[in-house]
There are 2 protein chains.
Amino acid sequence: MYVILVYDICGDEGGQRVLNKTFKICKKYLNHIQNSVFEGEISEPQILNLKYELNKYIRKDIDSVILFKSRNERWLKKEFWANVEDKTDNFL
Amino acid sequence: MYVILVYDICGDEGGQRVLNKTFKICKKYLNHIQNSVFEGEISEPQILNLKYELNKYIRKDIDSVILFKSRNERWLKKEFWANVEDKTDNFL
């Protein structure tokens, strides 16, 4: 399963800690490609583990996490339109 | 064509203006679902227009825009893991 995970952590008082924890947890499972965007191949059990770990920190009413799941990475074409962290495909 | 667009605009001196312009341009073509994340159905010509308009503001060396393209929205399942702006699917 190929996924894209994007998160938006509220910048309030406790936000920095949540942000750090969220980043570290996501990095364990996925590849960091942009500020708060991760992607990669992951199994359903791993998704459940990732969600369980994030759930300890994410404040459901003020933070936002969205997961896009595609059964196959080939069904999703990725284009970098500017600053490319992994310098794979940039044509702006 | 269904797309997800994520951007990360450098927070330097000119950044706020670029951020505002980027947000407004993306909103013309796509649905805003999270901080710097847009999604929606869009045609290839519209993608070119969107890219052309963003290209006037995006600073290629310090800002980042990534577009994920899927020929069909059905190939991509979306899960909201916390604060849901459009309250469609939230099961944390």
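What you see is a predicted model, and the numbers here were worked out from it, not measured in a lab.

**Q** Sorry, what's going on with the UniProt feature "binding site: Mg(2+)" (unreviewed entry) in chain A here?
**A** The UniProt record annotates "binding site: Mg(2+)" (unreviewed entry) at Asp 8 of chain A. Tracing the backbone shows Asp 8 of chain A in strand β1 (residues 2-8). Apart from residues lying up to four places away in sequence, Asp 8 of chain A is in contact with Ile 62, Asp 63 and Ser 64 of chain A together with Gln 34 and Asn 35 of chain B.

**Q** Help me out: how do you make sense of the sheet that holds strand β4 (residues 64-70) of chain A in this one?
**A** Strands belonging to one sheet form pairs held by backbone hydrogen bonds; the direction of such a pair is parallel or antiparallel. Spatial strand order, β2(A)-β3(A)-β1(A)-β4(A)-β5(B): 5 strands in an open sheet with antiparallel pairing. Each edge of the open sheet carries a strand with a single partner, namely β2 (31-34) of chain A together with β5 (77-80) of chain B. Going from strand to strand, the sheet's axes swing by 25° on average, the running direction of each strand aside. Here β2 of chain A pairs with strand β3 (residues 37-41) of chain A via 3 bridges, running antiparallel.

Calculation notes
Throughout, residues of each chain are indexed from 1 in the direction in which the sequence is written. Going through the entries in the order they are written, you letter the chains from A and number the ligands from 1. Side-chain atom pairs in this predicted model are given and counted only at pLDDT of 80 or more, local residue features only at pLDDT of at least 70, and totals for whole chains, interfaces and linings cover all residues. To obtain the side-chain values, all non-hydrogen atoms of the structure were used and water was disregarded. UniProt positions are given in the numbering used here, feature names are shortened, and annotations may be inferred rather than shown by experiment. Numbering goes from the N terminus for both helices and strands, where a helix is a DSSP run of H or I of at least four residues and a strand is a run of E of at least two. The contact rule is simple, with two residues in contact once any of their heavy atoms fall within 4.5 Å. By definition, two strands form a pair when at least two bridges between them are found by DSSP. Between the N-to-C directions of two axes lies an angle of 0 to 180 degrees, each axis being a line fitted to C-alpha atoms and, for a helix, fitted only over the stretch in contact.

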